[in-house]
Amino acid sequence: MKLVTLAIQLSTVLATTPVVLWHGLGDRYDSPGMTGVADQIRDIYPDIYVHSVGLSEDGGKDQQMGLLGNVREQVESVCDQLAAIPELKGGFNAIGFSQGGLFLRSYAELCPLTNASAPVLRKLITFGSPHNGIADMPLCGPSDFLCKSRNKLFKSQVWTKNSQTNVVVAQYYRDPNHMDVYLEKSGFLADINNERQQKNKTYDLSYLEKFVMVMFSEDTTVVPMESAWFQEVDLESGQVTHLEDREIYQEDWIGLKKLGKRGDLEFHTVHGQHMEINDDVIETFALRYLGDDDDIKAGDDFVFVNQAK
Ligand SMILES: *[C@@H]1O[C@H](CO)[C@@H](O)[C@H](O)[C@H]1NC(C)=O
Ligand SMILES: *[C@@H]1O[C@H](CO)[C@@H](O)[C@H](O)[C@H]1NC(C)=O
């Protein structure tokens, strides 16, 4: 009896698959928050290899590159970065925070499928990531006029060549009420979501073992918050179109339908504002997805109550 218990305990703390993290906007790869997540994963799975993606070894520069730069080139530089890490050769699991989750998904589409030296992604977990883009800037308080005028300025310049090659958030801006201009000018998202008429057949995520999407229930930073579940929201009418009812899924532009049919797409909610993640949330997801024990099957949607709130 005791031996059985011990065996179960051991089996839940074994993990040999390395983990790659990619931080969100405003954060940096070596911040206390990111270091804390890596430490927590190592506490649960001793000896596990964890790598935090940075676009520069200089953390301040990395933080700045989360705001300004060409996203496509940034993801391609991460292909080289990960290819150069011997520990990742056999593949890795990944956790992406906010826009870092979108970029890790882009890595999965762009790199291992065309270049054998880029390590494959096995399970991908994204927290509050704008997979379907953002249709607005973070919402402003009712009398925050500075915020409102900044958003207005952003929107007036979002489709310029400079924004679409240099301003990171502009490269995943997507307003469903203005699809023509988006499909014509989007510097990043329209390509990576394979939304243009000419499809790129190599963009196929179905090789992932699992794609786990987490939405924050009170998110006002990613607008609409349902983008984290790859849903489309018409901000004017409020109508939400679920992923399964969208063309990107039904015509399987990037392999999501194959994942869904296999039961390997999962949708979860964490209560709270954007990126309001505490240790319990990290622990729950780490135990559920990062161990070698594959016996845990996809269940119903589950919800974590963020203790910090
Ligand atoms: C494949 O990736 C490696 C490492 O990133 C890179 O050095 C090499 O040039 C790539 N090969 C091709 C054909 O793109
Ligand atoms: C599809 O994407 C791959 C990876 O980025 C690229 O190498 C290839 O040229 C693209 N094909 C087309 C038809 O755009």
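Thresholds applied
Residues numbered from 1 in each chain as written. Chains lettered and ligands numbered in written order. Predicted model: local features only at pLDDT ≥ 70, side-chain atom pairs only at ≥ 80, totals over all residues. Heavy atoms only, no water. UniProt positions renumbered as here; feature names shortened; annotations may be inferred. Disulfide = S-S within 2.5 Å. Helix = DSSP H or I, 4+ residues; strand = E, 2+ residues; numbered from the N terminus. Buried < 20%, exposed > 50% of the residue type's maximum accessible area, 1.4 Å probe, protein only.

Labelled according to an unreviewed UniProt entry, the chain appears under the name Palmitoyl-protein thioesterase 1, originating from Yarrowia lipolytica. Its UniProt record gives the chain a comment under Sequence similarities (unreviewed entry), which states: "Belongs to the palmitoyl-protein thioesterase family."

Some thoughts on the state of the cysteines
Counting across every chain of the model gives 2 disulfides. Disulfide partner of cysteine 79: cysteine 111, at an S-S distance of 1.7 Å. Of this pair, cysteine 79 sits in helix H4 (residues 71-83) while cysteine 111 sits in the loop between helix H5 (99-110) and strand S4 (121-127), and the two are 32 residues apart along the sequence. The class for cysteine 79 is buried, based on a relative accessible area of 11%. The disulfide partner of cysteine 140 is cysteine 147, and the gap between their sulfur atoms is 2.0 Å. Between cysteine 140 and cysteine 147, the S-S torsion sits near -80°, and that sign places the bridge as left-handed. By sequence-ordered numbering of the bonded cysteines, the chain has its disulfides arranged as 1-2, 3-4.

Notes on unusual backbone geometry
Among all residues save glycine, negative phi is the norm, and among peptide bonds the norm is trans. Look at the link from valine 223 to proline 224: it is a cis peptide, with omega at 0°. Residue placement: proline 224 occurs in the loop between strand S5 (210-216) and strand S6 (232-233). The phi torsion at serine 98 lies on the positive side, around 50°, for a residue other than glycine. With respect to the helices and strands, serine 98 occurs in the loop between strand S3 (92-97) and H5. Here asparagine 194, not a glycine, exhibits a phi torsion of approximately 55°, which is positive. Of the residues examined, asparagine 194 reaches a relative accessible area of 3% and is grouped as buried.

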